[in-house]
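Close look at the chain arrangement
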Amino acid sequence: MFQVLDLAEKGLWDEIRRVTRGSKNFIVKILINGILHRDYSMSMAMESAASDELQKMRRFMGVLETIITVAPLMGILGTVVGIIHSFDMLGSSGIGDPQAVTGGIAQALITTAAGLSISILTLLPCNCFNAYAESAALDIEKYATSLEITYEKLMNGNKEALADESKTRLQHQK
């Protein structure tokens, strides 16, 4: 990434393409997209590429978030069904067999524990992936902004050089 910015500072666009050919780095891909569209809309090209890359990073987040939400609900549903079953046994056999009722309640609570366990275990990688995507977004913004500033400096430097060259020509013509 730093090499791309260093070469961009010198306006060595073909060298950047040669050096980065085949790169799997998502930031490099985004910067290259901006460089390829530098004469039209560098920032919009990089924004579009960044959106695509971040979408790839977050593609399975919906599944993880659904598991985190649904697992405890399924556990609670299992508990409710188990308790209903235990009360049904209590109603039909009376209090004569309390072990059957308490065993049914204990078994019903296992579903809550299982649902919560699944949710908790899924929450950990979900938060890690979210943190990675947020960090990536900040890195993308940092490097894309650096490339835009570098390009603006280069273009303004070329304008100043052209203006100086024009002044020199005018002075020689007099």
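Residues numbered from 1 in each chain as written. Predicted model: local features only at pLDDT ≥ 70, side-chain atom pairs only at ≥ 80, totals over all residues. Heavy atoms only, no water.

Turning our eyes to something else, we now look at the overall build of the protein chain. Secondary structure summary: the protein chain contains six helices and zero strands in total. Along the protein chain, helices (α) and strands (β) appear in the sequence α-α-α-α-α-α when read from the amino end. For the protein chain, the proportion of its 174 residues judged to be buried stands at 28%. Within the protein chain, contacts between residues separated by at least 24 positions form 72% of all contacts whose residues are at least 6 apart in sequence. When the accessible area of the protein chain is evaluated, it comes to approximately 11,800 Å², of which 61% is carbon and sulfur surface. (Helix = DSSP H or I, 4+ residues; strand = E, 2+ residues; numbered from the N terminus. Buried < 20%, exposed > 50% of the residue type's maximum accessible area, 1.4 Å probe, protein only. Contact = heavy atoms within 4.5 Å. Areas by Shrake-Rupley, 256 points an atom, 1.4 Å probe, with all protein chains shown as cover.)

Another aspect to go through is the confidence of the model for the protein chain. On average, residues of the protein chain score 85 in pLDDT, and 86% of them reach the 70 mark or higher. When mean pLDDT is taken per element in the protein chain, helix α4 (residues 42-57) scores highest with 94 and helix α6 (residues 98-173) scores lowest with 83. (pLDDT = per-residue confidence, 0-100.)

Bringing the environment of Ser43 into the picture now. Among the structural elements, Ser43 can be located in helix α4. Taking the relative accessible area as the measure of exposure, Ser43 reaches 34% and is therefore partly exposed. Residues Ser43 and Glu148, spaced 105 residues apart in sequence, show a C-alpha to C-alpha distance of 7.2 Å.

Now for the pattern of salt bridges. Here the structure, examined in full by the defined rule, presents three salt bridges. Notably, a salt bridge pairs Arg18 with Glu15, separated by 2.4 Å at the nearest N-O pair. With a gap of three residues between them, Arg18 and Glu15 both fall in helix α2 (residues 13-20), about one helical turn apart. A salt bridge links Lys56 to Glu53; the shortest N-O distance between them is 3.5 Å. One end of the pair, Lys56, and the other, Glu53, are both in helix α4, three residues apart, so they sit about a helical turn from each other. A relative accessible area of 44% means that Lys56 is categorised as partly exposed. The exposure class assigned to Glu53 is buried, which follows from its relative accessible area of 12%. (Salt bridge = Lys/Arg side-chain N within 4 Å of Asp/Glu carboxyl O.)

Between its first and last C-alpha, α4 extends 23 Å over 16 residues, near the 22 Å set by a 1.5 Å rise per residue. Along α4, the positions that sit buried rather than exposed are Met42, Ala45, Met46, Ala49, Ala50, Glu53 and Leu54. Summarising the axial view, the buried residues of α4 lie within an arc of 160°, below the 170-degree limit, and thus occupy one face. In α4, those exposed residues whose orientation departs by more than 90 degrees from the buried face are Met44, Glu47 and Gln55. (Expected span 1.5 Å × (residues − 1). Arc of directions from axis to C-beta.)

So, about the nonpolar core. Core analysis: the biggest nonpolar cluster contains 25 residues, and Ile16 and Leu147 have the highest contact counts within it. Residue assignment for this core shows that the elements contributing at least two residues are α1 (2-9), α2, α3 (26-36), α4 and α6. Apart from residues lying up to four places away in sequence, Leu147 is in contact with Leu5, Ala8, Leu31, Ile35, Met42 and Met46. (Core = buried A, V, L, I, M, F, W, Y, C linked by side-chain atoms within 4.5 Å.)

By the element assignment, Thr79 lies in helix α5 (residues 61-93). Residues in contact with Thr79, not counting those within four places in the same chain, are Ala108, Leu109, Thr111 and Thr112.

Among the residues of α2, Trp13, Ile16 and Thr20 are the ones counted as buried. Angularly, the buried residues of α2 cover 55° about the axis, an arc narrow enough to put them on a single face. Positive phi shows up at Gly22, right after α2, with a value of about 80°.

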